[in-house]
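Here is what each chain is made of, one letter per residue.
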Amino acid sequence: MGRRRKGNRRKRQKLRMQFHSNSTKQILDDEVDRERYYQEQEKYLEGIVELKNDFLSRTILVGSVLPLDIEKNRDNLKRFMEQQYGPVQKIGIDRKGGGRYPRARVTFNFKKDAEKIFGGTSLLEASKAQTQVKVPCIVVGYRGSITVRPAMVYKGMTNDDLNTSSTIEVNTIELSLGHWFPRGKDACNNVPGLDEIARDSVNTWIQENGNTSNVNPIVRIDMDRAVVELDITHCVQGVMANTQTVISFRFKDLTYPIKLCRNAKVLFYRDTSTYFFLFELRHPPRLISTTIDPETGFESNSRLTSIDQLPALGLCLGYRIAVQPVEINRMLNAKAFRKMKSMGLFQCDDDLDLLYHAEDFRTLQEGNKRPQLEKDIASLLSHRFGLTLRSVLDANSCAWFDVISDKVKGRNILSLVKDREDDLAERVLNEMREMHGKTRYPAQMFHALYEADVEADEVPMSVPDFCVRLPRVLITPLRIIVTGFQVEMSNRLVRKFIEKFGFSQEAFIRLSVGDENSDKLFFDDLSNQVETRIKNLVLNGITFGKKKYRFLAYSSSQLKEQSLWMVCPEHGWDVPKMRSSMGDFSMCKTASKYAARMGQCFSTTIDTSFSGTNGNKYGDLITWTKEKFGFSSNSKSDDFKTIRVNDKLPDIISAAGMEHSDGVGIIRKELLESLLNEVPFGPKNKKDVSAIQIRYGGAKGVLVAWDFAKLKNSYCNGYDVCLRPSMVKFKAPYDTLEVVTIARRVPYYLNRNVIMLGQHHGISIRTFQDLQGCHIDSLNRMLSDASFASTFLPCLSGPDTGFMETLQNMLNANIQPQLDPFLYSCLQCIRSHHLMNLRKKARIHVADGAVLMGGIDELGLIPENCIFLQVPKPSYKKSVAGRGRDEYTVVKGAVMVTKHPVMHPGDMRMLTAVDIPALREHKNVVLFSQHGERPEADKMSGSDLDGDQYAITWDRRLFLANPSEPMDYSPAKKSDESRTICDDSLLQHFIDHARNDNLGRISMLWIDHASINRDAGCPECLVLAKLASIAVDFPKSGIPAVIPKELMLNQSVPRAHWRERKGLPSFHCESAVGQLYDQVINETKSKYNPQQECIAVAGRYRDSNGQILHIGDSVD
């Protein structure tokens, strides 16, 4: 004890000596620091007092209310206060106030609204006078009225009420729309020769003339939801009670962090600075009106398309919001603000950035020149280049006034493009549109990029003969924009009018309906205003430059994508005449059926009449002769210059009246091999293809190759192609065989639905874990074993064929992944992609499985409940040159067959694969039996054979112990027949599909009910499976799938943890999917390094998932 005291005494003595040895300057510095500390403390305390007074001047205590622990009572009180006085920021409970029930603490957004209760007297004065007011209130008053008095200071007020939650609310003075150009963020930074101009730029705000509004929104920033809302309810006239209007956008929609700054003005001793939020969005925000049902409290959202106070909301992406100093101080003292600043949402210094220069804040006085610019674009440029330049403007790559003002040698970008209307100029404009950020110097950027490409002798990429470059247009609730030109496979109608009738490619546009960020519009987004806007634009026509586009049609795939075709007819054509040339649709009595049949003409196909360059024995391919709608020819069977088609091949009907051959016909084997020479995506070995999906005239479906001599079918004599009545949908004057796709083997992957139903059928969890573990081990081994990677890569799906072929050639050349950085990085990306699919979708690769196109056994040799399939051996390694032929094997024995998506237990079928020598010429296709009362294809999700793909596995671990009976997939009752089918009815069907497209919601509800009830065969899942089949048929039937209310799940209902719903209730699910999710999460968190010292990753960083990031110090 004595030693410790002696040691402490020596320390104090030493400190005393150090203090006395300090110089006078050090003592003075300490005094200055101490004085600065006292000033900061005083300033902080003054801010706290100011915040406290601001809070008390907006807060009241409400007594004689019904129990506030009941959420409905709190909501009723809030609605009452907002209807009577003004917007309410929050409602708390004062449990120390005494009385029968706790009092409510109500905080208004504005002082003036709270003062209305006390006749205009401030709450601070009313508090001194101890004023109390009785207000009639039937909805929440204990005896029909409530008592109101000003709030008083209470313990913990600073921590509870001064913005310490994850949400910040700021009252503002004014909202202005315009253009925000942060310093040093110009896109010219990436252009050689212009980087100095970009570095010299300053923070600039430009407000278009007429965009000053009287709107002073309440800014609400929610960190949990990562959403910013501008509440303008109190600024909108004519808003109904219980309705809230907000401008909403997400954090990730910000182009750059929100800049917090001020325009400093000091008059004598008063600081009259104005504070601003300055930010820019990538795209316009969502304008939402929320209505609350006063009885149930249910909220319904409705999208708005315009607001009178902000007419430029869809045009200007820059925002400047003026804020009072007291609101800024309140925000700066909030804990949530410090978190938001640390995560990069706000950008400001400790003293806030100052903008002194007058030119930094200016109003553009050229607001009336924007329409004139659009006229100049239409008059000076060709239509193609006019659309391309407009896409640059619509992508916010530059501002319209900079297009006019920025010049190179006295010429703006319009003049530069006009003199260079070539492929290279179009490429430069596309490069400007896709460049990150925007520029204030569009003319200089165009000139620099064009000259650089000329010097580099860049050759523009050519468009393949089977593709076209068409403009894409997007309609959103707030704007209509050109998104650029897109290369895509052509279709029958576009080819016909471009090649035969001389239409320009710009005569057609692909119009998409979507949200502001290009996502799909969901059913709750399609309000009456949005529907009216879409109808007006599409039915009245859309004008770009000198062309006016009219609604033409849409295909079934476009219906799912919410897109359609519009055309500006040329050379004397009009829309009705163009539709008549497609075929005879008089048998269609409903808009849904009419649209589906007309949509066949817009399927992306390969026109086999393009050929003649490969010297095949069928000549310059294929001319057709026809009699009315039946096809015949007097040519000999060996004369293949004319293909002979018979559309009278009878369907194979079961005893129960069901069609086994629905959608499938036959084609001569030799003819198929020749046709494949015209298909650019065909395999090298044509004998590996046994079926193709086709369009021919008004017929659609699959053609399976057969040796006609072995068929011994009288309907095939003298013909090369035989179509069945189930394939012919309407009469059409098109005589060319068009190929949609070819039959090939697709790797088989499990998914969550199959796993859940497999567990219902008795498959053990351990089986799925072993399959996933094997899949993960293969992905890891691929990074270190080149020989294994060369055989494993073809079994995977994901990257495009060209990319996979490049990697395959590198591996076949014996390049080791751990030695080559490029190869290793590519394989690592593939591994990360599949690990992500395992986590998100439970996509487990099954080696003993395949996804194949379906056909029918024309010989009748396959017994009932049996199939035939022949697939390549996955372990066979091709030669180094990649020209080796695959070895095939016939699968024999029990197999499990299903059709994705699978939702009913009976959709998973246990069948028997048989080996029949007469069928061994068929490869990469599954042939079903023609025997039995009900087709096997119909037992799986009500499928047919017109191109459907079937998932088959012969892995015995996935066989079902207790198969279920299939569901009855009888078609739903057809919608009422329409007397007249017109553009309005077709467009109404388009909107109805978008509004009732709830197949995704049904699928997610199915997953949730299966996980909650721990059984994929529960009654709720069976009902949802039936609704899913109705939703799939909606494009043709027009019958929507209505989800019963009892099957809907509220957000508050906990979901399985693997759903990854951030901020919402969840439970740890111990099902097969849950345990598989935990398994892959553990694998993802562990850093996998196949070799401790890997040359390929030397000097590179890895993230927590093992992904190579960039050059730097190695962390392996």
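Definitions and limits used
- Residues numbered from 1 in each chain as written.
- Predicted model: local features only at pLDDT ≥ 70, side-chain atom pairs only at ≥ 80, totals over all residues.
- Heavy atoms only, no water.
- Helix = DSSP H or I, 4+ residues; strand = E, 2+ residues; numbered from the N terminus.
- Buried < 20%, exposed > 50% of the residue type's maximum accessible area, 1.4 Å probe, protein only.
- Contact = heavy atoms within 4.5 Å.
- Areas by Shrake-Rupley, 256 points an atom, 1.4 Å probe, with all protein chains shown as cover.
- pLDDT = per-residue confidence, 0-100.
- Lys, Arg positive; Asp, Glu negative; His and termini not counted.
- Salt bridge = Lys/Arg side-chain N within 4 Å of Asp/Glu carboxyl O.
- Polar contact = N/O pair within 3.5 Å; in protein donor to acceptor, adjacent residues only side chain to side chain.
- Pairing = 2+ DSSP bridges.
- Core = buried A, V, L, I, M, F, W, Y, C linked by side-chain atoms within 4.5 Å.
- Axes fitted to C-alpha atoms, helices over the stretch in contact; angles between N-to-C directions.
- Parallel < 35°, antiparallel > 145°, perpendicular 65-115°, else oblique.
- Left-handed = near helix turned anticlockwise from the far one by under 90°.
- Nonpolar A, V, L, I, M, F, W, Y, C, P; charged D, E, K, R; others polar.
- Phe/Tyr/Trp six-rings, centres within 6.5 Å; stacked < 30°, edge-to-face > 60°.
- Lys NZ or Arg CZ within 6 Å of the ring centre and 35° of its normal.
- Expected span 1.5 Å × (residues − 1).

Draft legend 1. Examining the overall build of the protein chain more closely. A count of helical and extended segments in the protein chain gives 33 helices and 45 strands. In the protein chain, which comprises 1116 residues, the share counted as buried stands at 52%. Long-range pairs, those at least 24 residues apart, make up 72% of the contacts in the protein chain with a sequence separation of at least 6. By element, 49% of the accessible surface of the protein chain is carried by carbon and sulfur atoms, the whole surface being about 52,300 Å².

Draft legend 2. Representation of helix H20 (residues 591–599) within the structure. Of all the 9 residues making up H20, 8 are buried; the element is thus mostly covered by neighbouring parts of the structure. Residues Ala591, Ser592, Tyr594, Ala595, Ala596, Arg597, Met598 and Gly599 constitute the buried set of H20. Tucked inside the fold, the buried residues of H20 contact strand S25 (547–553), helix H18 (556–561), helix H19 (575–580), helix H29 (983–996) and helix H32 (1034–1037).

Draft legend 3. Fine view of the confidence of the model for the protein chain. Taken as a whole, the protein chain shows an average pLDDT of 82; of its residues, 81% reach a score of 70 or greater. Every residue in residues 1109–1116 is under pLDDT 50, and counting partners more than four places away or in other chains gives 24 contacts.

Draft legend 4. Representation of the side chain of Asp948. In this fold, Asp948 is placed in the loop between helix H28 (936–939) and strand S41 (949–953). Buried Asp948, no salt bridge; nearest opposite-charge side chain is Lys899, N-O distance 4.6 Å. Only 3.2 Å separates the side chain of Asp948 from the backbone nitrogen of Asp944, close enough to count as a polar contact. Not counting the four nearest positions on each side in its chain, Asp948 is found in contact with Leu852, Met853, Gly854, Lys899 and Ser943.

Draft legend 5. Representation of the pattern of salt bridges in the model. With the rule as written, the count across this model stands at 54 salt bridges. Notably, a salt bridge pairs Asp113 with Lys116, separated by 3.4 Å at the nearest N-O pair. Accessibility expressed as a relative area gives 4% for Asp113, which makes it buried. For Lys116, a relative accessible area of 47% puts it in the partly exposed group. Among the ionic pairs, Asp222 bridges to Arg225, the shortest N-O distance being 3.1 Å. On the accessibility criterion, Arg225 (48% relative accessible area) is partly exposed. Residues joined in a network through salt bridges with shared partners are Glu169, Arg220, Asp222, Arg225, Glu229 and Asp231.

Draft legend 6. Highlighting the sheet that holds strand S32 (residues 721–722). Judged by pairing direction, the sheet is mixed, and its 7 strands sit side by side in the order S27-S33-S30-S31-S29-S32-S28 without closing on themselves. Pairing within the sheet leaves two strands with one partner each, and these edge strands are strand S27 (606–607) and strand S28 (645–646). Two elements, strand S29 (residues 664–668) and strand S31 (residues 699–706), share 5 bridges in a ladder whose sense is parallel. Bridging from a neighbouring strand, Ile667 pairs with Ala705 of S31.

Draft legend 7. The arrangement of the nonpolar core in detail. Membership of the largest hydrophobic core comes to 69 residues, with the highest contact counts inside it found for Leu750, Ile755, Met782, Leu793, Ile1002 and Trp1006. Beyond its immediate sequence surroundings of up to four residues, Trp1006 is in contact with Asn753, Met756, Leu757, Met903, Ala1016, Cys1021, Leu1024 and Ala1025. If you look at the next biggest cluster of nonpolar residues, it comprises 55 residues, including Phe544, Phe551, Cys568 and Cys601.

Draft legend 8. Spotlight on the packing of helix H27 (residues 821–841) against helix H33 (residues 1072–1085). In contact at an axis separation of 9 Å, H27 and H33 are set at 150 degrees when each is read in the N-to-C sense. Comparing their axes, H33 and H27 come out roughly antiparallel. Judged by the sense of rotation from one axis to the other, the crossing of H27 with H33 is left-handed. Here Arg831, Leu835, Leu838 and Arg839 of H27 lie close against H33, whose contacting residues are Tyr1077, Val1080, Ile1081 and Glu1083. Grouping the amino acids of the contact of H27 with H33 by side-chain chemistry returns 5 nonpolar, no polar and 3 charged.

Draft legend 9. Representation of the packing of aromatic side chains. In this structure the tally under the stated criterion is 22 aromatic pairs. On the numbers, 5.4 Å between centres and 15 degrees between planes, the contact of Phe788 with Phe792 is stacked. Of this pair, Phe788 and Phe792 are both found in helix H25 (residues 786–792), 4 residues apart, which corresponds to roughly one turn of the helix. Pair check on accessibility: Phe788 and Phe792 agree, each one buried. Following the ring pairs from residue to residue traces out a cluster consisting of Phe497, Phe501, Phe503, Phe508, Trp565, Trp573 and Phe602. Cation over ring: Arg420 sits above Tyr450, and NZ or CZ is 5.1 Å from the ring centre. Sitting over the ring of Phe181, Arg440 keeps its end group 4.5 Å from the ring centre.

Draft legend 10. Region of the structure containing unusual backbone geometry. Cis geometry marks the peptide bond from His900 to Pro901; its omega dihedral reads -5 degrees. Looking at the element boundaries, Pro901 is found in the loop between strand S38 (893–898) and strand S39 (909–913). Of note in this structure, His571 is not a glycine but carries a positive phi near 55 degrees. Residue classification places His571 among the exposed residues on the basis of a relative accessible area of 57%. A positive phi angle is found at Asn865, which is not glycine, with a value near 65 degrees. Relative to the assigned elements, Asn865 resides in the loop between strand S35 (845–856) and strand S36 (866–872). Under the relative-accessibility criterion, Asn865 is labelled partly exposed at 35%.

Draft legend 11. Focus on H27. Between the first and last C-alpha of H27 there are 30 Å, a value that for 21 residues agrees with the 30 Å anticipated at 1.5 Å per step. If you check which residues of H27 are buried, you get Leu823, Tyr824, Cys826, Leu827, Gln828, Ile830, Arg831, His834, Leu835, Asn837, Leu838 and Arg839. N-cap assignment for H27: the residue whose side-chain oxygen lies 3.2 Å from the backbone N of Phe822 is Asp820. Within two residues after H27, Ala842 carries a phi angle of roughly 55 degrees, on the positive side.

Draft legend 12. Quick peek at the sheet that holds strand S23 (residues 508–513). Ordered in space as S22-S21-S23-S26-S25-S24, the 6 strands form an open sheet in which the pairing is mixed. The sheet is open, and its two edges are formed by strand S22 (480–489) and strand S24 (542–544), each paired on a single side. Shown here is a sheet whose adjacent strand axes are inclined to one another by a mean of 40 degrees, direction ignored. In this structure, strand S21 (residues 467–475) lies alongside S23, joined through 4 bridges in parallel fashion. Across the sheet, the residue bridging to Leu474 is Ser512, located in S23. Sheet contacts for helix H11 (residues 383–394): S21, S22, S24 and S25; angle to S22, the most-contacted strand, approximately 120 degrees. Contacts from H29 reach S23, S25 and strand S26 (563–567), with the element oriented near 155 degrees to S26.

Draft legend 13. Region of interest: the side chain of Thr898. Structurally, Thr898 is set in strand S38. For Thr898, a relative accessible area of 0% puts it in the buried group. A distance of 3.2 Å separates a polar atom in the side chain of Thr898 from the backbone oxygen of Asp907. If near-sequence neighbours (up to four positions away) are discounted, Thr898 is found in contact with Tyr748, Asp907, Met908, Met940, Tyr950 and Ala951.

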